[in-house]
Each structure stands twice: as C-alpha cells, then as structure tokens.
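Spelled out, the chains give:
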Amino acid sequence: MLRRIGVFDSGIGGLTVLRRLREAFPVLDMIYLGDLARVPYGGRSVETITRYAVDDAAFLLRRDVDAVVAACGTVSSNSLDALRERFDVPIYGVIDSAARRAAATKTGAVGVIGTQATVKSGAYERRIHAADPSVRVISRACPLIVPLVENGVGPGDILAETVCGRYLADFREAGIDRLIMGCTHYPLYRTAFERLLPDAEMIDVGEALAADLREIFGEGAGEGRTEFFVTERSAAFDELVRNIDPLVDPESIRVAQIED
Ligand code: DGL
C-alpha cells in the first residue's frame, strides 16, 4: 500500500507531474524536490544527469518514501535504469505511459518535444516503436523553453510564442495527431503548442503516468500532505506552487543541501 511518495525534477517542471499525481491520489503524502541550484539538466551529459538524479532520489529516500517518481523527462530517458539498479524501492519515470498513448495515433505520425538529452536518448521513439513499429516519430529538442519557464516567462509572451513557433514550424505539415510534451516543463506552455498545432492532441506525460499509477496502486493511504524542498529559492517556483495549491505558504518551502 502506497502512503508516501517522493517526486523530483531539476526545477519547477515536475510540479506539472505533482499536480496530476495529487489529482489522482488525494490522500497520499508527497515530498517534492526541485533541484533549482543545478537546473537545467537537459543539456548535460548522461553521467552528470545520472549523478544529479542519484542525489535527488537519495535525498527523498532519506525521508522514508515508498516509491520515487522521476518527474523529469531528461532523467526518465537517461538515468532510470541506473536509479533502479542503485535503489531498492519502485522508481517510475514519465516515458512509458506517454509513449503508449502516442502509439495509438490515428494518422500514424506523432511528435515528441523534449530537452536535448531526452531527444538524443531516443527513449520515446524506442517505447513508441515497441508498441507499434510503423509509427512515424518526429522528435525535436527545444532547449530554450526550460530557461524561459524557469524565469517566469509564460505562454502568450512574445518570447515564448516566437521560440515555440520556431521549434514547431514544420510539425503541422508532418500530419501528426499527437504531440508528447516530453519535458515536464512543457505543459506550462500547452496553450502555445495548441495554437500552433490545433488538430493535435497534447500528451501530458504527468497525466498519463498518474492515470497508470492509479490503476496499479488504487488510492493508497496517507493524509494528503505535500512537503516542498528546493536546492535554491526561486520566485517562479513559489508562484507555481501557490498556483497548484493556494493553501501552501511559500515560507513552508524548505531549502535543502542534497549532495553527499
Ligand atoms: N523538466 C525536465 C524534463 O522533463 C528537465 C528540464 C531541464 O532541466 O533541462 O526534462
């Protein structure tokens, strides 16, 4: 029976996953860690991403969690096996559930957007092709989106719209009917993507994962508490936390030292 889970990301993107997990599991206790001192992870080497992910997971496991969610596409696509080898609790990533949804495409073509490390890993393609080898997968790294989000630039801002327009310009002609928002920061730009690809279904990786976990675990137990830790304070993080749960006092977000 799940009671308490740990959820981590390099920054504020994992809050989009936390939000979906909270909707699916109202009574679970959750601990969220945002590694804001070292964000972004997406342009780094696999070795560095894995080292950071091990620090993140170890920090959460010291707080007695029953399972860990890597709420980060970059970690999920590059370091999940390493985490599973090292730690003795169930560890979930965001790739599989989203890939299965994408593989149900009707046009036979899907888009994947993510960080450089995620796209380079080929993890989404591999999982989509494991479900259906005939699907055409068009992948693109969008490295400028994470820094914009972390700096509080929202969709609708000319900077955000220009950057998204540049990245997705040729996706429309490609005939995709599903777009995996393969970095957990990206659901915050969902409206910008929808404006550019009005006929495509947006796949929110956190929503897909939360639905699958709910099927596996049922509602779980706990008191519905959420604790927040960051490795460095950020106004954009505080604001998004308040957005997810207006009852959370940003003062309760604790700054943690996580490296061994
Ligand atoms: N939110 C993360 C992801 O899903 C990480 C972004 C980054 O740190 O570059 O990939």
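Higher on the page you've got the structure.
The structure displayed is predicted, hence computed values, not measured ones.

Moving on, we come to the overall build of the protein chain. When you go through the protein chain residue by residue, the secondary structure sums to twelve helices and ten strands. The C-alpha atoms of the protein chain give a radius of gyration of 17 Å, which matches the 18 Å a tight globule of 260 residues would have. Judged by the C-alpha coordinates and their principal axes, the protein chain covers about 50 × 40 × 35 Å. Here the protein chain holds 260 residues, and 56% of them are scored as buried. Counting only contacts in the protein chain whose residues sit at least 6 apart along the sequence, the fraction spanning at least 24 positions is 76%.

Moving on: the sheet that holds strand β7 (residues 178-181). Spatially, the four strands line up as an open sheet ordered β6-β5-β7-β8, and their pairing is parallel. The open sheet terminates on both sides in strands that have one partner only, identified here as β6 (136-141) and β8 (201-204). Taken pair by pair, the neighbouring strands of this sheet meet at an average axis angle of 20°, ignoring direction.

What follows covers the packing of helix α5 (residues 95-103) against helix α11 (residues 205-217). The geometry of α5 relative to α11 is characterised by a closest axis approach of 8 Å and an angle of 100° between their N-to-C directions. Relative to α11, the element α5 lies roughly perpendicular. Note on element contacts: α11 touches α5 through V205, E207, A208, L209, A211 and D212, opposite S97, A98, R100 and R101. Residues that form the contact of α5 with α11 fall into these classes: five nonpolar, one polar and four charged.

The next thing to look at is the environment of I244. Examined against the element boundaries, I244 turns out to sit in helix α12 (residues 235-244). Each C-alpha atom of the pair I244 and T16 lies 8.7 Å from the other, and the pair is 228 residues apart in sequence. Setting aside residues up to four positions removed in sequence, I244 forms contacts with L15 and R19.

With that settled, consider the sheet that holds strand β4 (residues 91-92). In spatial order, the strands read β4-β3-β1-β2-β9-β10; together these six strands make up an open sheet with parallel pairing. Whereas interior strands pair on both sides, the edge strands pair on one side only; in this sheet they are β4 and β10 (254-255). The pairing of strand β9 (residues 226-230) with β10 spans two bridges and is classified as parallel. Paired with F229 across the strands is R254, a residue of β10. Its contacts with the sheet put helix α2 (residues 46-61) on β1 (4-9), β2 (29-34), β3 (67-70) and β9, and the angle it makes with β1 is roughly 155°.

Okay, unusual backbone geometry next. Residue P40 is bonded to the preceding V39 through a cis peptide linkage, with omega at 0°. By the element assignment, P40 lies in the loop between β2 and α2. The residue D64 is not glycine, and still its phi comes out positive at about 65°. Within the secondary structure, D64 is located in the loop between α2 and β3.

Let us look at the nonpolar core. Counting residues in hydrophobic clusters, the biggest one holds 72 residues, and the most contacted among them are L21, I128, I145, F193 and F237. Excluding anything up to four places from it in sequence, I128 contacts A99, A102, A103, V110, V112, V135, V137 and I180. Counting residues in hydrophobic clusters, the runner-up holds 25 residues, among them Y41, L60, A70 and F229.

Not every one of the 14 residues close to the ligand is listed here, only the nearest: S10, Y41, G73, T74 and H185. In this structure, G73 approaches the ligand through a main-chain N or O atom, which is 2.6 Å from an oxygen atom. For the ligand, the accessible surface in isolation is 290 Å², of which the surrounding protein chains cover 99%.

Another point: α5. Taken residue by residue, α5 has I95, S97, A98, A99, A102 and A103 as its buried positions. In this structure, the buried residues of α5 make contact with α3 (73-78), β5 (109-114), α7 (123-131), β7, β8 and α11.

With that out of the way, let us pick up the environment of P147. Mapped onto the fold, P147 is located in helix α8 (residues 145-150). For P147, a relative accessible area of 34% gives the class partly exposed. C-alpha separation for the pair P147 and F171, spaced 24 residues apart in sequence, amounts to 22 Å.

Conventions and cut-offs
- Residues numbered from 1 in each chain as written.
- Predicted model: local features only at pLDDT ≥ 70, side-chain atom pairs only at ≥ 80, totals over all residues.
- Heavy atoms only, no water.
- Helix = DSSP H or I, 4+ residues; strand = E, 2+ residues; numbered from the N terminus.
- Rg over C-alpha atoms; globule rule 2.2 N^0.38 Å.
- Buried < 20%, exposed > 50% of the residue type's maximum accessible area, 1.4 Å probe, protein only.
- Contact = heavy atoms within 4.5 Å.
- Pairing = 2+ DSSP bridges.
- Axes fitted to C-alpha atoms, helices over the stretch in contact; angles between N-to-C directions.
- Parallel < 35°, antiparallel > 145°, perpendicular 65-115°, else oblique.
- Nonpolar A, V, L, I, M, F, W, Y, C, P; charged D, E, K, R; others polar.
- Core = buried A, V, L, I, M, F, W, Y, C linked by side-chain atoms within 4.5 Å.
- Near = heavy atom within 4 Å.
- Polar contact = N/O pair within 3.5 Å; in protein donor to acceptor, adjacent residues only side chain to side chain.
- Areas by Shrake-Rupley, 256 points an atom, 1.4 Å probe, with all protein chains shown as cover.

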